[in-house]
Amino acid sequence: MKTGKGRSVVLSTACWVVALLGALYSSVSWSPVLVAGAGAEGELGSWFWVFDVLTSLAGMTAYAILIVCLLVVCLRRYVCAGVLALAFVSLVVLPMSEPRLGRAVGGAGEVRVLVYNSHTFSNEIDEKHALLTGAGVDVAVVIETSTQMMSSLMRGEGFREAHPYGWLPSSKWSGCPAVMSRFPVEPEGSALSDRLRSVRRDLWDHLCRLEIVHSPGGSFALIQAHARSPRNARRWSVGLDQLLDLADCSRRVQELTGLPVVVAGDFNSPPTSMRARAFAIRSGLVRAKPATRVGGSFPSAVPAFAGLAIDGVYASPGVRVTSWEILDSAGSDHRGVVVGIVLPPEVR
């Protein structure tokens, strides 16, 4: 009897420890909401890196807490299960607290934008062309292209054949971005391009590109983005500075052109992270992923519903979202993401 009672006490203690850890984690995960304003002003130091990385994993952790909660229910520790259930609900609600663009029905004027980090050391060229071509998109932002993939694009093969506009480098180099469109873009040397020369130079300091896309549904400014990943405190801090500079450039582009701004790329920051919220606050742009859609593009080794939404689109508040979908990875550690958008009526 004493042995059985002792085991019960140990089991109850273990359940409470796990429940309290879950509650503590869910509480810490809300910290980006509280400090995002300070982050947008550049007032947060690299000390916040640990907290931001933990909160970035909130989506994955929510599934783990749900599983543990069900196990605790099976052990009949209902109070502990209740604490874990509250922690789970808190983590589910957290990403929904980030503002999102409104929804619209697709149709005439819809622009489908693909964001794909193809991975520098991934050379499945045929698979990548198949992914890009099969996505049925109008504009593609491809990041971290390998030299072999870039060579293929520069020869006008595959996806590039039907998307001849945009920007490719004059010479191939590993990790170079590519912006391709089936719609015409503003030509070099025009009055508008001359006005944007300075901001384009500032964007290229971060290997980001700006193109003015003239679609049948209206013209818009497309900015390709890629922020440094938060693998350590220094990279996290550099990535935050990149996103804040990108936010400032986005505002300048909107002021210079009067057009809606669409920023597409790899932000290395999911909706639960402080860096993403700081970028949105400073730029005035809004994430284009519907709050009800779960999952994300990274890493491709896990099911899409458990992935982190670090690749995607932010856009001016007047833009509306018609669709959001995750594609295959074609050998990359990122999956492709396709976002359908409709521009505001005043630019059509």
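Before reading further, recall that the structure is shown in the block above.
Now for a quick tour of the structure. (Residues numbered from 1 in each chain as written. Predicted model: local features only at pLDDT ≥ 70, side-chain atom pairs only at ≥ 80, totals over all residues. Heavy atoms only, no water.)

### Regarding the pairing of strand β11 (residues 337-342)
- Across the six residues of β11, six count as buried, placing the element largely inside the fold.
- Two elements, strand β1 (residues 110-117) and β11, share six bridges in a ladder whose sense is antiparallel. For Val 113, the partnering residue across the bridge sits in β11 and is Val 339.
- Bridge analysis of strand β10 (residues 320-326) against β11 gives six bridges, and the strand direction is antiparallel. Of the residues in β11, the one forming a bridge with Glu 325 is Val 338. (Buried < 20%, exposed > 50% of the residue type's maximum accessible area, 1.4 Å probe, protein only. Helix = DSSP H or I, 4+ residues; strand = E, 2+ residues; numbered from the N terminus. Pairing = 2+ DSSP bridges.)

### A short note on helix α7 (residues 147-154)
- Looking only at α7, the buried set comprises Met 149, Met 150, Ser 151, Ser 152 and Leu 153.
- Backbone geometry just downstream of α7 places Gly 156 in the positive-phi region, at approximately 80°.

### Considering empty space enclosed by the protein
- The full count for this structure, using the stated rule, is two cavities of 30 Å³ or more.
- For the largest cavity, the calculated volume is near 70 Å³.
- Surrounding the largest cavity, Leu 203, His 206, Cys 208, Ala 225, His 226, Ala 227, Gln 242, Leu 243, Leu 246, Asp 266 and Phe 267 form its lining.
- Of all the secondary structure elements, the ones that give two or more residues to the lining of the largest cavity are β6 (218-226) and α11 (233-257).
- For the lining of the largest cavity, the element with the highest residue contribution is α11, accounting for three residues.
- For the lining of the largest cavity, the class distribution of residues is seven nonpolar, three polar and one charged.
- Within this model, the second largest cavity holds a volume of roughly 40 Å³.
- Ranked by the residues each element gives to the lining of the second largest cavity, the list is headed by strand β9 (residues 311-315), at three residues.
- By residue class, the composition of the lining of the second largest cavity is five nonpolar, one polar and three charged. (1 Å grid on protein atoms, 1.4 Å probe; cavity = no way out; pocket = protein on both sides within 12 Å on 5 of 7 lines; lining within 4 Å. Points joined across faces, edges and corners; volume = space filled by probe spheres on them. Nonpolar A, V, L, I, M, F, W, Y, C, P; charged D, E, K, R; others polar.)

### Here we look at the environment of Ser 146
- With respect to the helices and strands, Ser 146 occurs in the loop between β2 (139-145) and α7.
- Distance from Ser 146 to Gly 175, taken between C-alpha atoms, is 5.9 Å for residues 29 residues apart in sequence.
- If we skip the residues at most four places from it in the chain, Ser 146 touches Ser 118, His 119, Thr 120, Ser 122, Asn 123 and Ile 125.
- Here Asn 123 takes part through its side chain, which lies 3.3 Å from a polar atom of the side chain of Ser 146. (Contact = heavy atoms within 4.5 Å. Polar contact = N/O pair within 3.5 Å; in protein donor to acceptor, adjacent residues only side chain to side chain.)

### Points about the layout of surface pockets
- Its volume calculated, the largest pocket comes out at about 690 Å³.
- Looking at the largest pocket, it is lined by 32 residues, and the ones nearest its centre are Glu 144, His 226, Ala 227, Ser 229 and Asn 268.
- Where the lining of the largest pocket is concerned, the elements lending two or more residues are α3 (49-56), β2, β6 and α11.
- Residues belonging to the lining of the largest pocket are distributed by class as follows: 13 nonpolar, twelve polar and seven charged.
- The calculated volume of the second largest pocket comes to roughly 430 Å³.
- As for the second largest pocket, its lining consists of 27 residues, of which Gly 59, Pro 95, Lys 289, Val 294 and Gly 295 are closest to the centre.
- Those elements that place two or more of their residues in the lining of the second largest pocket are α4 (58-74) and α5 (78-96).

### So, the sheet that holds strand β7 (residues 261-266)
- Read from one edge to the other, the open sheet built from five strands follows the order β5-β6-β7-β9-β8, with strand pairing classed as mixed. Each edge of the open sheet is held by one strand with a lone partner, namely β5 (210-215) and β8 (286-287).
- Sheet analysis places β5 next to β6, joined by six bridges and oriented antiparallel. Bridging across to β6, His 214 finds its partner in Ser 219.

### What to know about the nonpolar core
- Residues Leu 222, Val 313, Val 339 and Ile 341 are the most contacted members of the largest nonpolar core, which totals 26 residues.
- Those elements that provide at least two residues to this core are β1, β2, β6, β7, β9, β10 and β11.
- In this structure, Cys 208, Ala 221, Ala 225 and Phe 267 belong to the second largest nonpolar core, which totals 25 residues. (Core = buried A, V, L, I, M, F, W, Y, C linked by side-chain atoms within 4.5 Å.)

### Focus on the pattern of salt bridges
- On inspection of all chains with the given rule, the structure shows eleven salt bridges.
- For Glu 188, the salt bridge identified is with Arg 200, shortest N-O distance 4.0 Å. Linking Glu 188 in the loop between β4 (176-181) and α9 (191-195) with Arg 200 in helix α10 (residues 197-204), this pair joins segments that are twelve residues apart in sequence.
- A salt bridge links Arg 252 to Asp 202; its shortest N-O distance comes to 2.7 Å. In this pair, Arg 252 is assigned in helix α11 and Asp 202 in helix α10, connecting sequence segments 50 residues apart.
- Put simply, Glu 188, Arg 200, Arg 209 and Glu 211 are held in one network by salt bridges that share partners. (Salt bridge = Lys/Arg side-chain N within 4 Å of Asp/Glu carboxyl O.)

### Some points on the environment of Tyr 63
- Among the secondary structure elements, Tyr 63 is positioned in helix α4.
- Between the alpha carbons of Tyr 63 and Cys 176 there is a distance of 35 Å; along the sequence they are 113 residues apart.
- Contacts of Tyr 63, omitting those with residues within four sequence positions, involve Val 294, Phe 305 and Ala 306.

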